[in-house]
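# Coordinate inspection notes
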Amino acid sequence: MSSIPHTFKKITGSKTSIIAIPMPSTVWASLSKSVPFCKARCGSQNNNYNLEKSRFLCYRNTKRCLYVLDKKVTLFDKEGHAVGNISGNTQYESNNTVCTDTICKKLKMIFSVLFFALLCILGLLVSSTYSILVNCTALLCLLLFLIVGGRLADPIDRLSAKKFNALFVLLLGSAFAVSIYLAYEMRIHLPGDTDIIFASVADLLRDGKLNEANPRIDAMHYPGLGLYTNNDYFCRYPNNIGLLMLYAGVYAFGGKTGLPASTDAGHLPAIVMTSLAVAVTILLVCLCIKIVFKKNSYALFTLLLCYAFLPFVFSIPNFYTDLWVLPFTAGGVYCYLSNKFSAAPKGWRGFLAGLLLSVGVQMKITAAIGFVVIVLDLLLGRHVHRWKNLALLFLGFFLFLFAFTAWYRYSGIIDFTRSDEIGAPWNLWLLFGSHDTGGGTEIYKDMAFAAAFPTMEERSAAIWKRIFENYRSYSFSEFLELLRNKLLFAWNNSMFESSEYLLWPIDSNWTFYITQPQFLPTQLIRAYSTIYMLFLYAANILSAGVALFRKKINFTFIPNLFVFGTMLYLLIFENAPRRAMIAVPFMIYNVIFLLSQWRGKPDGAQLAERFRMRIHKN
C-alpha cells in the first residue's frame, strides 16, 4: 500500500504528542467528506502556504488543525494493522494560536478582558433603566434563540446547496421588497442635511455645478453660520460630498432636471437604492459568517437577525449616510476575510478592502474604524504576507481618498473660495464630544462660538483651547458621569433615532399607526425593539465572556474591536445613536458565535484526543 506523504503532530500548550490516525492511504480522496485532509487553509487566520507545498489535516468545522513535521508516523486501521505512513516538512499553525508572539497574545488578552468589562458595564447601565420583567423577557428570548437555533441548525445544514440558496434568496428578496414598500409608505419631510443634499442634486444636474441660493439653510437648518447657498453648505461640510455624488449619479437617469425630492416620485429612487444598500449589507454580513463558521444555517440565522433589527428598515425613509456607510464597510471586511480564509489569497482583495473602506469614509467617517480594525488584526496576527497585505490595504484606502478629494477640489463643481471664512475644522466635532452628551443645544452654541472667528486657523486654535478647558473643568466623578450619560444616550435608544424622523410624515396613511407614539402598534414596536436591543447586548456580553474563558478570542477579535472602536468614537466625538448602527452587524456576528459555542460541538483538539484514545485502546 502506498504511503501518504505527510506527518502530523498535535500541539496543546507546551505539550507535543505524535498521533497515529486510523486512515488507509487508499481513501485519501474520500476523506474530504468526513474528518479529513483539507486541500486548503480551512479557515486558518494566519497561513498563506501554497497547496503544492503542503497539505493540511484539518477539522473543517472547528478550524482546529494538526501540525506537519519532518517525521514519519505509521497509520493504523481499526484493527490495529499498519496501513501506511505520513511524512512531510511543512508546519501548519492552528486557527486558535494565530499569534504565537507573546506580546501579541498578551495584547489580545488584555483587550478581551477590558472589552468584556466594558460590555458588562454597558449592560448594567442599560438594563438598570428597564424593569426586571423586560430584562427577563430579553434573556428568555436569547435562551429560546439558542435552543431553537441549535435544533434547526442541523436540518438546515443538511439541505442541498440548491435548496438552501433558493430559500436564502427568497427570504432576502422578500425582505428587500417589503422594506421598499414600507419605506415608501412612510415617506417623511426630509430633515436638514438630507434636504440640502437633495436640493443640491437638482442644482448639480441642472447646471453642472452648485450655485443656487437655498434660503432654507440659514432660515431653518443652520441659522447664523453664513450659509446661503448649496455651495456654502459643502464648503463647510465636505464630508457629505460623497453622498451628493452618489445621488447625482442615481438621479441623472431622470435627465438634467432629475426628479424633485419633494415629490413622491422623487423619493422613490432614493428609497429603492437605500433599501438595496441595506440588503447588500446584510448579504455581505451573511457571507462573512459563512466564511468564518462554514455553516449555511448560521448565514440564514444572520439574515433573520439583521432584518429583525427594525432601525435598518425604519431609517430608510431618511436615506442618509447612516445607512449608506454600511455596505462599503461590510464589503471591506468581507474582502479582507475572504482573503484571510482563502486557500489562495489574492492581493487584489486586500486592495479592494481598502478601496471600499475609503468609499465608506466618504459616506461617514466611522468607516475608518473598519480600516483601523483590519490593520490591527494584520499586525497582531502572524501572516506570511503581512506587510504585502498591509501595503495593498493602505494603497487602496489612500489612493481613492486622495483621488476623490483632488477630483472634487479641482473639478470646479464646488467653489471652495469661502472655505476659510465659513468652514468647520474637524476638531469642532471633538468640541461637541467634550461636553455634550448628545441631542442637546450645546452643539449650536459651539457652532456659533466657532463662527465668531474669521479664519480657519484662528477658529481651530480657539476650538482646541475650549476643548482643553472643558476637560480640565471636570472632576473625576463629573468625567465619569459624562461618560455614563454618553454611553446611555448612544446605546440606550432601541430605535437608534429612526423613530424620530418618522414623526414628520408626508402622508397620513396606515403607517401613521406604526410611527406615531400615541398609537398602540407604535408602542408595541418600540417594546419589541427594546427587547431586541437587550437581547443583543446580553448575547454580546456572553459571547465576550465565552471567548475569553474558552480561549477563543481570535474568533471574536475583529467584531469586538469594531464595537469597541465605535463606542470610543462616540465617547470622543459628537454622540448620536444613529451613528452606532454601524456596529450592529458585528454584534450580530457575536450572537452567531455564541450559538456556535452553545451547540457544544467538540473542537479539533478534542477529536484528536479521541483518536489517540482509540488507538491506545486498540
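Residues numbered from 1 in each chain as written. Predicted model: local features only at pLDDT ≥ 70, side-chain atom pairs only at ≥ 80, totals over all residues. Heavy atoms only, no water.

Helices and strands together make up the secondary structure of the protein, namely 25 helices and 7 strands. Within the protein, the fraction of its 618 residues that count as buried is 55%. A fraction of 75% describes how many contacts in the protein between residues 6 or more apart in sequence connect residues 24 or more apart. Total accessible area computed for the protein in this model is approximately 27200 Å², and 65% of it derives from carbon and sulfur atoms. (Helix = DSSP H or I, 4+ residues; strand = E, 2+ residues; numbered from the N terminus. Buried < 20%, exposed > 50% of the residue type's maximum accessible area, 1.4 Å probe, protein only. Contact = heavy atoms within 4.5 Å. Areas by Shrake-Rupley, 256 points an atom, 1.4 Å probe, with all protein chains shown as cover.)

The next subject is the packing of helix α1 (residues 102–127) against helix α22 (residues 520–549). Packing of α1 against α22 leaves a shortest axis separation of 9 Å and a crossing angle of 155°. In this view, α1 runs roughly antiparallel relative to α22, as classed from their interaxial angle. Between α1 and α22 the crossing geometry is left-handed. Contacts between α1 and α22 involve M109, S112, V113, F115, F116, L119, C120, G123, V126 and S127 from the first element and M533, L534, Y537, N540, I541, A544, G545, L548 and F549 from the second. The residue inventory of the contact of α1 with α22, partitioned by class, reads 14 nonpolar, 5 polar and no charged. (Axes fitted to C-alpha atoms, helices over the stretch in contact; angles between N-to-C directions. Parallel < 35°, antiparallel > 145°, perpendicular 65-115°, else oblique. Left-handed = near helix turned anticlockwise from the far one by under 90°. Nonpolar A, V, L, I, M, F, W, Y, C, P; charged D, E, K, R; others polar.)

What follows deals with the confidence of the model for the protein. Considering every residue of the protein, the mean pLDDT works out to 82; 78% of them sit at 70 or more. In the model, residues 1–100 has pLDDT below 50 throughout and makes 249 contacts with residues more than four positions away in sequence or in other chains. Per-residue pLDDT stays below 50 along residues 602–607; that stretch engages in 13 contacts with residues further than four places along the chain or on separate chains. (pLDDT = per-residue confidence, 0-100.)

In this section: the packing of aromatic side chains. Evaluated as defined, the whole model comprises 49 aromatic pairs. Residues F371 and F394 carry aromatic rings whose centres are separated by 5.0 Å and whose planes lie at 75° to one another, so their mutual orientation is edge-to-face. Placement of the pair is F371 in helix α13 (residues 367–380) and F394 in helix α14 (residues 386–410), with a sequence separation of 23 residues. Classification of F371 as buried rests on a relative accessible area of 8%. Judged by its relative accessible area of 35%, F394 falls in the partly exposed class. Put simply, the rings of F145, F301, F309, F312, F496, Y528, Y532 and F535 touch in pairs and so form one group of aromatic residues. (Phe/Tyr/Trp six-rings, centres within 6.5 Å; stacked < 30°, edge-to-face > 60°.)

Over its 20 residues, helix α23 (residues 553–572) runs 26 Å from end to end, which matches the ideal 28 Å to within 8%, given 1.5 Å per residue. Approximately 30° is the largest bend angle found in α23, and it occurs at P559. (Expected span 1.5 Å × (residues − 1). Bend = angle between axes of the 7 residues up to and from the residue.)

Right, let's talk about unusual backbone geometry for a bit. Residues other than glycine seldom take positive phi values, yet F319 does so here, at roughly 35°. The topology assignment puts F319 in the loop between α10 (311–314) and α11 (321–340).

Further remarks concern the pattern of salt bridges. In total, this model carries 15 salt bridges according to the counting rule given. Where R418 meets D232, a salt bridge forms, and the shortest distance between an N and an O atom there is 2.8 Å. Of the two residues, R418 is situated in the loop between α14 and α15 (419–422) and D232 in helix α6 (residues 230–236); the sequence distance between them amounts to 186 residues. When its relative accessible area of 22% is taken as the criterion, R418 is described as partly exposed. Note on D232: relative accessible area 5%, which makes it buried. (Salt bridge = Lys/Arg side-chain N within 4 Å of Asp/Glu carboxyl O.)

Below, the discussion takes up the state of the cysteines. Disulfide: a covalent bond formed between the sulfur atoms of two cysteine residues. Tallied over the full model, the rule gives 0 disulfides. Of all cysteine sulfurs, the one in C306 lies closest to C286, which takes part in no disulfide; the gap is 5.8 Å. On the basis of relative accessibility, which here comes to 2%, the residue C286 falls in the buried class. (Disulfide = S-S within 2.5 Å.)

The subject of this paragraph is the packing of helix α12 (residues 347–363) against α13. Packed helices, taken two at a time, are described by the angle between their axes plus the distance between the axes. Across the interface, α12 lies against α13 with an axial gap of 7 Å and an inter-helix angle of 150°. Overall, the two elements α12 and α13 adopt an arrangement that is roughly antiparallel. Between α12 and α13, the residues in contact are L357, G360 and V361 and A367, A368, G370, F371 and I374, respectively. Tallied by class, the residues present in the contact of α12 with α13 amount to 6 nonpolar, 2 polar and no charged.

Glancing now at the nonpolar core. Among the nonpolar cores identified, the biggest contains 167 residues, and Y222, Y247 and W491 are the most heavily contacted of them. Per element, the largest residue contribution to this core is 14 residues, and it comes from helix α8 (residues 264–293). (Core = buried A, V, L, I, M, F, W, Y, C linked by side-chain atoms within 4.5 Å.)

With that out of the way, let us pick up helix α4 (residues 192–207). Taking 1.5 Å of rise per residue, 16 residues should cover 22 Å, and α4 covers 23 Å from first to last C-alpha, within 8% of that figure. By the criterion of burial, α4 is predominantly enclosed, with 13 of the 16 residues buried. Two residues or fewer past α4, G208 is found with a positive phi of approximately 80°.

Secondary-structure assignment places N493 in the loop between α19 (476–491) and α20 (498–501). Reaching out from N493, the side chain makes a polar contact with the backbone nitrogen of E497 at a distance of 3.4 Å. Once residues within four sequence positions are removed from consideration, N493 is found in contact with E500, M533 and P577. (Polar contact = N/O pair within 3.5 Å; in protein donor to acceptor, adjacent residues only side chain to side chain.)

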